[in-house]
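# Notes for the structure review
Chain residues, written in single-letter form:
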Amino acid sequence: MKRIYFDNNATTPVEEEVMAAMLPFFTDNFGNPSSLHWAGREVKQVVDDARAEVAALIGARSDEIVFTGGGSEGDNLAIIGSCEALRAGGRHIITTAVEHPAVLDTCRWCEKNGFRVTFLPVDRRGMINLRQLERAIDHDTILISVMWANNETGTIFPIAEIGEIASRYGVRFHCDAVQAAGKLALDVNAAGVDLLTISGHKIGAPKGIGALYVRRGLELCPHIHGGHQEYGLRAGTHNVPGIVGLGVACRLARTRLAEDADTLAALRDRLQQGITQRVEHVQVNGHPEQRLPGTLNISVAFVEGEGLLLHLDMHGIAASSGSACSSGSEGASHVLRAMGVKDDLLQSSIRFSLGRHNTAAEVDEVVAVFADVVARLRAMSPMLMDFNGIECDTYVECAIEEDHH
Ligand SMILES: Cc1ncc(COP(=O)(O)O)c(C=O)c1O
């Protein structure tokens, strides 16, 4: 059976060039970059080179890049590290209701430890209201943490505008750019971001490596203590192969960015068009324009999302429900819930996320299988039997029209 992978927001394969660059650092060049002898010296340089590549992807300086064990660690270091460093100046954090759990749960942890958190709501397209953000800032606010792009719907937040508001009020701004890196052009200075998280495995590097951009001069408390590595912000012997891989993946992402984004957007549009033309009663979730090029999140009325995923999987197609846990209404996507997606569609949602290895032929295959599977599931659906001809359009009504700005 042919296998089709449409879950690139979950993780991506390690690029061949990345893998080839990493291999010598497991064996021949195995040194510890903190060692002073030849074995250490020869890898210290490659760690510095990789740091420069990561910095170049986001418009930063090399000495502003801290290597981490991935996106979750970067988010934790940025948020908890800021709270600890700034607690004398205030105890209020602002974030959004649709962040990844790496930010949401970290903010909730801060809440249990003496901080106050505002979780900004989003509109039906998954967008925040900048006036609401500005009104939420008070004398006690020390940190704003807003993601660049949402992992479930692909909705892109107006990061430069948020950066401008944060700097006007003198509030530190952290941005989780795990899903945006390699897909959108990022410039930390133009965007006014103070801390920015990226993760290797979303951009063709291995799992377990990432980086946190820390604006020069910013005070941050480490939470992994021990050695002096990473400017004292993240102790532990460097993951040299992972770092080398991240550096190469960032270089490839930077050089291919525009081309990859165009290709992905075209494939995503083909998928969206194919599905909406062939399958009735589907709703596209997310912003119609401000959306990551490869992400398509849809709700399919009268079909249970998990069943749909399983059937696609049986045909070799990997997609996702978008949220880690989707069984039971309690576990329904917090993102779609915050967007006001109707209860009966919450459990009927599926996310396709395309990557640079996907093709138009794969898209066409997925559309055909999807239409077939949905038709079969609907034929058996008790939900559809209950559905006695009410306006079908209710279910296609897309969250796009309303503008709360
Ligand atoms: C937006 C976002 N932030 C953070 C993470 C966590 O990254 P990692 O898997 O590298 O810990 C993810 C992973 O899905 C993500 O999508």
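Residues numbered from 1 in each chain as written. Predicted model: local features only at pLDDT ≥ 70, side-chain atom pairs only at ≥ 80, totals over all residues. Heavy atoms only, no water.

## Re the packing of helix α3 (residues 71-86) against helix α4 (residues 101-112)
- Relative orientation of the contacting elements α3 and α4 amounts to 30°, with a least axis distance of 9 Å. Here α3 is positioned roughly parallel relative to α4, judged by the angle of their axes. Considering the relative orientation of α3 and α4, their crossing is right-handed. Contact residues: α3 offers S72, D75, N76, I79, I80 and C83, while α4 offers A102, V103, T106, C107, W109 and C110.
- When grouped by side-chain class, the residues that make up the contact of α3 with α4 number eight nonpolar, three polar and one charged. (Axes fitted to C-alpha atoms, helices over the stretch in contact; angles between N-to-C directions. Helix = DSSP H or I, 4+ residues; strand = E, 2+ residues; numbered from the N terminus. Parallel < 35°, antiparallel > 145°, perpendicular 65-115°, else oblique. Left-handed = near helix turned anticlockwise from the far one by under 90°. Contact = heavy atoms within 4.5 Å. Nonpolar A, V, L, I, M, F, W, Y, C, P; charged D, E, K, R; others polar.)

## Let's talk about the domain arrangement of the chain
- Split into domains, the chain comes out as domain 1 (4-8 + 257-395) and domain 2 (16-254).
- Of note, the centres of domain 1 and domain 2, computed from C-alpha atoms alone, are 30 Å apart.
- Tallying the contact residues gives 21 residues for domain 1 and 27 residues for domain 2.
- Buried surface at the junction of domain 1 and domain 2, summed over both partners, amounts to about 2000 Å²; 58% is from carbon and sulfur atoms.
- The largest share of the area that domain 1 buries against domain 2 comes from L257, L292 and M339, three residues that together contribute 33% of it.
- The interface formed by domain 1 and domain 2 contains zero salt bridges.
- Within the residue set of the side of domain 1 that touches domain 2, elements represented by two or more residues are α8 (240-278), β10 (295-300) and α10 (334-338).
- In terms of residues, the side of domain 1 that touches domain 2 owes the most to one element, α10, which gives four residues.
- Among the residues forming the side of domain 1 that touches domain 2, the class breakdown is nine nonpolar, ten polar and two charged. (Domains from an automatic or database assignment. Buried area = accessible area lost by both parts, 1.4 Å probe. Salt bridge = Lys/Arg side-chain N within 4 Å of Asp/Glu carboxyl O.)

## Let's talk about the sheet that holds strand β7 (residues 195-199)
- Strand order in the open sheet formed by seven strands is β2-β8-β7-β6-β5-β3-β4, with mixed pairing between adjacent strands. Of all the strands in the sheet, just β2 (65-68) and β4 (116-120) have a single pairing partner and so form its edges. In this sheet, adjacent strand axes meet at a mean angle of 20° when their direction is disregarded.
- As paired elements, strand β3 (residues 92-96) and β4 share five bridges and run parallel to each other. Its bridge partner lying in β4, I94 is registered against T118.
- Along the sheet, helix α2 (residues 38-58) makes contact with β2, β7 and β8 (210-214), crossing β2 at roughly 110°.
- Strands β3, β4, β5 (141-145) and β6 (172-176) of the sheet are contacted by α4, whose axis makes an angle of about 150° with β4. (Pairing = 2+ DSSP bridges.)

## Some words on the site of the ligand
- Neighbouring the ligand are 13 residues, the closest being G71, S72, D176, S199 and K202.
- A distance of 2.8 Å separates an oxygen atom of the ligand from a polar side-chain atom of Q179.
- Within the side chain of S199, an N or O atom sits 2.6 Å from an oxygen atom of the ligand.
- The fraction of the free accessible surface of the ligand (390 Å²) that becomes covered by protein chains is 86%.
- Examining the composition of the shell around the ligand, we find that three residues originate from one element, α3, more than from any other.
- Classifying every residue of the shell around the ligand gives two nonpolar, eight polar and three charged. (Near = heavy atom within 4 Å. Polar contact = N/O pair within 3.5 Å; in protein donor to acceptor, adjacent residues only side chain to side chain. Areas by Shrake-Rupley, 256 points an atom, 1.4 Å probe, with all protein chains shown as cover.)

## Some words on the packing of aromatic side chains
- Scanning the entire structure with this criterion turns up two aromatic pairs.
- Between F6 and F352, the ring centres sit 6.2 Å apart and the planes meet at 90°, which makes this aromatic pair edge-to-face. One end of the pair, F6, is in the loop between β1 (4-5) and α1 (16-22); the other, F352, is in strand β12 (residues 349-353), with 346 residues separating them in the sequence. Of the two residues examined, F6 and F352, each falls in the buried class.
- Between F352 and F370 the ring centres are 5.9 Å apart and the planes differ by 70°, which places this aromatic pair in the edge-to-face class. Residue F352 is located in strand β12, and its partner F370 is located in helix α12 (residues 360-379); the two are separated by 18 residues in the primary sequence. (Phe/Tyr/Trp six-rings, centres within 6.5 Å; stacked < 30°, edge-to-face > 60°. Buried < 20%, exposed > 50% of the residue type's maximum accessible area, 1.4 Å probe, protein only.)

## Overview of the pattern of salt bridges
- A full pass over the atoms with the stated rule returns 23 salt bridges.
- Residues D269 and R268 are paired through a salt bridge, measuring 3.0 Å at the closest nitrogen-oxygen approach.
- Look at D269 and you get partly exposed, because its relative accessible area is 38%.
- The network of salt bridges with shared partners includes E15, R256, D260 and R356.

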